[in-house]
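Okay, here's what each chain looks like letter by letter:
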Number of protein chains: 2
Amino acid sequence: MKSSIVSIGTELLFGQIVNTNAVYLSQQLNELGFDVHHHFSVGDNAQRLKDILEYALERSDLIITTGGLGPTQDDLTKETIAQLMGKELEFHEPSYQRLSSFFKKRNREMSKNNLKQVYLPQGCIVLQNDNGTAPGFIIENNKKIVISLPGPPKEMRNMFENYAKSYLQTKSSHVIYSKVLRFFGIGESALETELLDLISSQVNPTIATYAKEGEVSIRVSAKAKDENEAKQMIYPVVQEIKSRLNPYLYSENNEELVEVVAKKLLEKNITISLAESCTGGLIASELTSISGISKSFDRGIVTYSNISKVEQLGVNPSTLEKFGAVSEETAKEMVIGLKQKSKSDLCLAITGIAGPDGGSPEKPVGLIYISMLYRDHLQCNSYLFTGTRERIRKQAVLSALNMIRNILS
Amino acid sequence: MKSSIVSIGTELLFGQIVNTNAVYLSQQLNELGFDVHHHFSVGDNAQRLKDILEYALERSDLIITTGGLGPTQDDLTKETIAQLMGKELEFHEPSYQRLSSFFKKRNREMSKNNLKQVYLPQGCIVLQNDNGTAPGFIIENNKKIVISLPGPPKEMRNMFENYAKSYLQTKSSHVIYSKVLRFFGIGESALETELLDLISSQVNPTIATYAKEGEVSIRVSAKAKDENEAKQMIYPVVQEIKSRLNPYLYSENNEELVEVVAKKLLEKNITISLAESCTGGLIASELTSISGISKSFDRGIVTYSNISKVEQLGVNPSTLEKFGAVSEETAKEMVIGLKQKSKSDLCLAITGIAGPDGGSPEKPVGLIYISMLYRDHLQCNSYLFTGTRERIRKQAVLSALNMIRNILS
């Protein structure tokens, strides 16, 4: 089934917001087995909206619109679609009741213009809005389907997920099911080379690679009559990929590296503490973004100045003088000092040069040392990253997390 | 001048990438005084691309396309546009030279399909690509202008900024210049209420408000014949806004709160240390994202467990027992302990419940205490935030940064 997405709102044409709605809906429609042929964005202008909708209706069996359902004069979506599909707008009592109680619950007076939202096209399927005031709707006419969703992403996603998706499933003869494998420690082109024969010979399932901030993902997607059949088609391909790239694989379920690490720490009841210099608390802040990590994470010490390395971690001033703050020796003393304070099962310390200043020919920007003490096993790795300060810090965080993942595996 | 943006690439229709090109170009075009009427996204399909370009050409004086200029069979943009504009493709010697040296520099063999990129429409203005292989171009015909740029954002932005923008400036009779003011500590609707008379009466300059994670921005935009005139039109409006909302204003130059705080610390030569519980190193990691902050930032201590608060900061165990880890008493002892260790001019400590678990009727999720010791002045503020763990942590970080900003002002 051919489909188009029409995003309505002048703020899009000013470049004030990124059109994440079109991304989300494209992913959803593709997974549901619809072919997306066009995205359109158009402002709050009746004539241009009408023209675009006519163009899209000529070329698509399904159109999803977002935006323009609100209470103001600018919001023209419903009126324009109703007119094009030859329908009148009707007062919809259940939507009125929902709207009234929405305002009552919040102790707010409902201004008159809000009533506009409860007039909906004759014979449509009304989609209720759990996160806002404007209901959405589905109209079918002459084998064409139009689905109108609100513009705010939270309202749109909830309405699509809970009310529109099940309707679309009945209209599609197949599904596209995907599995995302995530890798660390291998570049995109090296990974692609390992899989070149698979990638070029596979038609269904397909294999696609994506790179993002030092990580690489592989999406394996199968088109099948239902999810079960797709899963069965995907299974042997995933097994083959795993057999070739297992050392680099850290998630089969599209998880972040920090989620995988946090889960392992909690499962195995391992306590952890961190000493950070160049990453300045970034590893601690990522780890503590995971709810429940307090059972495992004891403390983090951000020793940015030299004196703080001495005072907080007992690094020997002569080590700093002789080898410098960015050295294997300092990294090791940091982690040993941390262990003496925290007694955590796993202690990790990191020191390096995030740049853009502070580098030298012997110690360039991007040089990072990570030391780890797990029970009584001490190791220290060094890395040389390139790019911006932000990228170097991000790479350092991922490398530290990956060291933890490896030792816990 | 009416304009449209056409984004070309099947990956857009799969929802694999976010269309940031359309956002960037919309902002640029609006600032240059062009009205953007449509965005289109279309896949690598010759017929559908031709249809969309015809539609856009009928309705726009200027079309900017992105994508589809590369060396593969899929890349059809140039051929389709040349055909629509009645032009042949010609071999372009300077582009060939650039391409050859691009490969030579990288010690890579140039495969034959790359040559496709140096055939360009007759009579076009060629736009060189400083970050990649595919040149772009401008064609003018029958008072219509088409500008084709490559798809990768880095290549596209560089080409637009350095080669297309100056061309467009000659086509526009006016500019739109904007100034963005950023506020903290006031909600969007409260801020709008303060400015309602201004917002509704202003036509040029216009005033628009935006909300984002607890911060609010105001964009004041003027349409004028040049930037100087626009600046003069904006000045009195900005002064009026400042006179009404000055206590909340933290930047007149669209800076992040953390940038403003870091700049103040460095300017005034003030050293700072942090003790974080619920934010888990997030304040330290934000502050250390600023290059050069090592002159001011001494250390951060992430005391996540109770025992670490005692051991690292000297919090009295009886304080923790009597008042709890999330209390004004603990926050104050944390900051006093931190000061004894670090001797920094400014010490800040934060403790709270980020959720979603760990709340109680007396101490709900979102309760945060922030204590600050600046020289010998001790203060402690409490906050109650709502929302997700991520949002509560973010609000806590912003509130801490704002406390620092206030005391340094």
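Residues numbered from 1 in each chain as written. Chains lettered and ligands numbered in written order. Predicted model: local features only at pLDDT ≥ 70, side-chain atom pairs only at ≥ 80, totals over all residues.

Caption draft 1: Representation of the interface of chain B and chain A within the structure. Taken together, the contact pairs 50 residues of chain B with 50 residues of chain A. Looking at the side of chain B that touches chain A residue by residue, the classes come out as 17 nonpolar, 25 polar and eight charged. Across five bridges, strand S2 (residues 35-42) of chain A lies against strand S2 (residues 35-42) of chain B in antiparallel orientation. Its bridge partner lying in S2 of chain B, Phe40 of chain A is registered against Phe40 of chain B. (Contact = placed C-beta atoms within 7 Å. Nonpolar A, V, L, I, M, F, W, Y, C, P; charged D, E, K, R; others polar. Pairing = 2+ DSSP bridges. Helix = DSSP H or I, 4+ residues; strand = E, 2+ residues; numbered from the N terminus.)

Caption draft 2: The arrangement of the domain arrangement of chain A in detail. Residue and element names in this part refer to chain A. As far as domains go, chain A holds domain 1 (2-171), domain 2 (175-251) and domain 3 (257-408). Every contact between the two is made by seven residues of domain 2 and, on the other side, seven residues of domain 3. Residue classes in the side of domain 2 that touches domain 3 are distributed as two nonpolar, three polar and two charged. (Domains from an automatic or database assignment.)

Caption draft 3: Geometry of the sheet that holds strand S17 (residues 377-384) of chain A. Here we have ten strands laid out as an open sheet, ordered S17(A)-S16(A)-S15(A)-S13(A)-S14(A)-S14(B)-S13(B)-S15(B)-S16(B)-S17(B), and mixed in their pairing. Looking at which strands have only one partner, the edges of the open sheet turn out to be S17 of chain A together with strand S17 (377-384) of chain B. On average, adjacent strands in this sheet sit at an angle of 10° to one another, irrespective of strand direction. Here seven bridges tie strand S15 (residues 346-352) of chain A to strand S16 (residues 367-374) of chain A, and the two strands are oriented antiparallel to one another. Bridging from a neighbouring strand, Leu346 of chain A pairs with Tyr374 of chain A of S16 of chain A. Relative to strand S14 (residues 297-303) of chain A, helix H11 (residues 306-313) of chain A is tilted by about 145°, and along the sheet it contacts strand S13 (272-276) and S14 of chain A together with strand S14 (297-303) of chain B. With respect to the sheet, helix H11 (residues 306-313) of chain B is in contact with S14 of chain A together with strand S13 (272-276) and S14 of chain B, its orientation differing from that of S14 of chain B by roughly 145°. (Axes fitted to C-alpha atoms, helices over the stretch in contact; angles between N-to-C directions.)

Caption draft 4: Geometry of the sheet that holds strand S1 (residues 2-8) of chain B. An order of S6(A)-S7(A)-S8(A)-S3(A)-S1(A)-S2(A)-S2(B)-S1(B)-S3(B)-S8(B)-S7(B)-S6(B) is seen for the twelve strands of this open sheet, with the pairing classed as mixed. Edge positions in the sheet fall to strand S6 (125-127) of chain A together with strand S6 (125-127) of chain B, since each of these pairs with one other strand and no more. Each strand axis lies, on average, 15° off the axis of its neighbour in the sheet, ignoring direction. As paired strands, S1 of chain B and S2 of chain B are joined by seven bridges and run parallel to one another. Looking at S2 of chain B, one finds that Ile5 of chain B is bridged to His39 of chain B.

Caption draft 5: Region of the structure containing the environment of Lys394 of chain B. Residue and element names in this part refer to chain B. Looking at the element boundaries, Lys394 is found in helix H14 (residues 389-408). Here Lys394 falls in the buried class, since 20 other C-beta atoms lie within 10 Å of it. Considered as a pair, Lys394 and Leu348 are 46 residues apart in the sequence and their alpha carbons are 16 Å apart. Other than its neighbours up to four places away in sequence, Lys394 contacts Glu213 and Gly214. (Buried ≥ 20, exposed ≤ 12 C-beta atoms within 10 Å, placed from the backbone.)

Caption draft 6: Local environment of the pairing of strand S15 (residues 346-352) of chain B. Counting buried residues in S15 of chain B gives seven out of seven residues, a clear majority hidden from the surface. Neither face of S15 of chain B is exposed, since Leu346, Leu348, Ile350 and Gly352 of chain B on one face and Cys347, Ala349 and Thr351 of chain B on the opposite face are all buried.

Caption draft 7: Fine view of the relation of the copies chain B and chain A. If you rotate chain B by 180° and push it 0.5 Å along the axis, it lands on chain A with an RMSD of 0.6 Å. What the rotation and shift describe, once combined, is the action of a two-fold rotation axis. (Least-squares fit on C-alpha atoms with pLDDT ≥ 70 in both.)

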